[in-house]
Amino acid sequence: MKKLLFLFSILLFSLQLSARSVPDGLAQRLAPIPLDKNNYSIHIQAVNSSYPLVSWKSHNKRVPASVIKLLTTYSSLLSLGYDYRWETKFYHTGRIKNGILRGNLIVKASGDPTLDNEDLDGIVSQIKNAGIRRIVGNIVIDRSLFKVPTKNNSGFDKNTYSPYNAMPDAMMFNQRKSTLCVSFKGRKARISKDVPDLSYKVVNRLKLVNGSCRGKRAWPRVSVKASTLTFSGQISRHCRERTICKVLTKPYLSFYYALKGKMKERGVTFKGKLKLQKRLKKAQYLFSHYSQSLEEVISVVSKKSNNLYARQILLTLGAKTYGTPGTPYNGRRAVEKILGRYNLLEKGTTYIDNGSGLSRVSKITAQSLANLLQHGAKHYGQRWMDTLSIAGIDGTIRRRFSNSSVFGRAWMKTGTIRGVKNIAGYVEGVSGIRYVVVVLVNDKYSRKYGAKLANKVIEWVSDTQ
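Residues numbered from 1 in each chain as written. Predicted model: local features only at pLDDT ≥ 70, side-chain atom pairs only at ≥ 80, totals over all residues. Heavy atoms only, no water.

K.L.:
Please set out the environment of Ser 55 residue by residue, giving values where relevant.
P.N.:
Relative to the helices and strands, Ser 55 is located in strand β2 (residues 54-56). Relative accessible area serves as the criterion here: at 22%, Ser 55 is assigned to the partly exposed category. C-alpha of Ser 55 to C-alpha of Ile 68: the two residues are 13 residues apart in sequence and 20 Å apart in space. At 3.0 Å, the side chain of Ser 55 forms a polar contact with the side chain of Ser 58. (Helix = DSSP H or I, 4+ residues; strand = E, 2+ residues; numbered from the N terminus. Buried < 20%, exposed > 50% of the residue type's maximum accessible area, 1.4 Å probe, protein only. Polar contact = N/O pair within 3.5 Å; in protein donor to acceptor, adjacent residues only side chain to side chain.)

This is the structure:
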């Protein structure tokens, strides 16, 4: 009897979905998954076809989570091109004579999301190449390119100080992360900052103990209050070094202290202070520092689902399209305008919010995502596809399809928040034809069954088409 009921339920489910353009073979694969069929969308379409193979609730608005990053990255590619680089310009006031700059060193921030510790040697080398060995003045940072909230984190969830919650800034540095290394040599645990950043304090209350590096002895307890980071608890002296990354302070402060420290290390004397203000028109140009390419940046956004990079891109597009300062509002308008030139978004169905997907008010349809992916495949081909996570190989689906027929044959962007489990991209069928595949699951059981549903869809395309 149970077997008959199960077969009947599959038949009923198959008939319901087939009535809305879902083939029986796929419907049968999906039938055992206990998700409300009204709470997900499925769109499958060959990249060289004008008509979908499957269109199940493709026009329903869904919360996208991080698949909204496809809109951010693709619009930046259309607007700026693969080879675009953010240009951070350095200026000075006063004059340089006998190795002394009697004036200010000015940094015109560009919104470069990639600027980090590794760039400082090159920057200080260019300062020295300009003939500067001593600065009698201040370091001035011009952050006016973006107008953003002053808070350090988005407040999206309870993980307040986690890097994925970092907020954007025109003067970004180290992705707004403060990184600390905890080592266990000697009688006491030692904590060191990656940057000599005086804008926050570290309190070390760790106690080294014997025993294996397991359980409560494996990691320090870390708490944050105001601008103080406190390490406490017992930790095994047999543990390896631990790296802790937190969003604690302003990126321009971290950059200032890091630059100051690197200049001292390289023999450039500086006794001044940090000033935040716009660059004076009479300031003289010194040199520029360039970011990684946009192609590299959007690959990080898609493969690692980097929220901060996506936010920086959105603000950059706002500033480029509508003038400074870049804001989330004009960033959203810019993305809609750029994609609107090609009629990629269904009217009245899209809300981009911050461009990263760390949002519960963002909205998108499977059809809009499919339109974008179709356009990307036709105009940018493999190069665009390779910016996405590749099944079983890298990014957020590195492990998801490692032992599957899909291995190396899917290029996808994932999106996950509470109640949302989405995936969108490309899948190569057994015939060699490539398909756009979008699966959006917005359901209270999405965490448990959302990936399973999407995997069934993707494997069906890979195995049968």
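K.L.:
So what about the pattern of salt bridges? Which residues, and what values?
P.N.:
In this structure the tally under the stated criterion is ten salt bridges. When the shortest N-O distance is used, the salt bridge between Asp 169 and Arg 143 registers 2.7 Å. You can see Asp 169 sitting in the loop between β8 (139-142) and β9 (178-183) and its partner Arg 143 sitting in the loop between β8 and β9, a full 26 residues away along the chain. We classify Asp 169 as buried; its relative accessible area is 2%. Across the salt bridge formed by Glu 428 and Arg 434, the nearest N and O atoms sit 3.3 Å from each other. Residue classification places Arg 434 among the partly exposed residues on the basis of a relative accessible area of 23%. Connected through shared salt-bridge partners, Asp 121, Lys 262, Glu 265 and Arg 266 make up one network. (Salt bridge = Lys/Arg side-chain N within 4 Å of Asp/Glu carboxyl O.)

K.L.:
I'd like a rundown of the sheet that holds β2, residues and numbers included.
P.N.:
Read from one edge of the open sheet, six strands run β2-β1-β21-β20-β19-β18, paired in antiparallel fashion. In the strand order of this sheet, the two ends are held by β2 and β18 (389-390), each with one partner. Note: β18 against strand β19 (residues 410-417), two bridges, orientation antiparallel. In the strand pairing of β19, Ser 389 is matched with Met 412. (Pairing = 2+ DSSP bridges.)

K.L.:
Give me the state of the cysteines: which residues, what numbers.
P.N.:
Applying the stated criterion across every chain, the model contains one disulfide. Note that Cys 213 is cross-linked by a disulfide to Cys 239, the S-S spacing being 2.0 Å. In this structure the cystine formed by Cys 213 and Cys 239 twists about its S-S bond by roughly 105°; its chirality is therefore right-handed. Of the two residues, Cys 213 sits in the loop between β11 (201-209) and β12 (221-225) while Cys 239 sits in the loop between β13 (228-236) and β14 (242-246), which places them 26 residues apart along the sequence. Looking at the unpaired Cys 181, the closest cysteine sulfur is the one in Cys 245, lying at 10 Å. (Disulfide = S-S within 2.5 Å.)

K.L.:
With reference to specific residues and values, describe the packing of helix α3 (residues 69-80) against helix α6 (residues 294-304).
P.N.:
Two packed helices can be described by the angle between their axes and the distance between those axes. Contact geometry for α3 and α6: axes closest at 10 Å, N-to-C directions at 170°. With respect to α6, the axis of α3 lies roughly antiparallel. Where α3 abuts α6, its residues Lys 69, Thr 73, Ser 76, Leu 77 and Leu 80 lie against Leu 294, Ile 298, Val 301 and Ser 302. When the residues that make up the contact of α3 with α6 are grouped by side-chain class, the tally is five nonpolar, three polar and one charged. (Axes fitted to C-alpha atoms, helices over the stretch in contact; angles between N-to-C directions. Parallel < 35°, antiparallel > 145°, perpendicular 65-115°, else oblique. Contact = heavy atoms within 4.5 Å. Nonpolar A, V, L, I, M, F, W, Y, C, P; charged D, E, K, R; others polar.)

K.L.:
Can you tell me about the packing of aromatic side chains, naming the residues and giving the values?
P.N.:
Under the definition given, this model contains nine aromatic pairs. Taking the centre distance of 4.9 Å and the plane angle of 55° together, the rings of Tyr 74 and Trp 384 count as tilted. Here Tyr 74, found in helix α3, pairs with Trp 384, found in helix α9 (residues 366-385); they are 310 residues apart in sequence, far enough to count as distant. The class for Trp 384 is buried, based on a relative accessible area of 0%. Grouping aromatic residues by their ring pairs yields a cluster made of Tyr 74, Tyr 82, Tyr 380 and Trp 384. The aromatic ring of Tyr 91 is capped on one face by Arg 279, whose charged end is 4.3 Å from the ring centroid. Above the ring of Tyr 322, the side-chain terminus of Arg 333 is found at 3.9 Å from the ring centroid. (Phe/Tyr/Trp six-rings, centres within 6.5 Å; stacked < 30°, edge-to-face > 60°. Lys NZ or Arg CZ within 6 Å of the ring centre and 35° of its normal.)

K.L.:
Run through helix α7 (residues 307-322), naming residues and quoting values.
P.N.:
With 16 residues, α7 should cover 22 Å at 1.5 Å per step; its first-to-last C-alpha distance of 23 Å lies within 8% of that length. By the criterion of burial, α7 is predominantly enclosed, with 13 of the 16 residues buried. Taking the backbone nitrogen of Leu 308 as reference, a side-chain oxygen 3.1 Å away marks Asn 306 as the first, capping residue of α7. Positive backbone phi, approximately 90°, marks Gly 323, located one or two places after α7. (Expected span 1.5 Å × (residues − 1).)

K.L.:
I'd like a rundown of the packing of α7 against helix α8 (residues 328-340), residues and numbers included.
P.N.:
One way to put it is that α7 packs onto α8 with a least axis distance of 7 Å and a crossing angle of 75°. With respect to each other, α7 and α8 are oriented roughly perpendicular. On α8, the residues touching Leu 314, Leu 315, Leu 317, Gly 318, Ala 319, Thr 321 and Tyr 322 of α7 are Pro 328, Asn 330, Gly 331, Arg 332, Arg 333, Ala 334, Val 335, Lys 337 and Ile 338. Here the contact of α7 with α8 is built from residues that sort into nine nonpolar, four polar and three charged.

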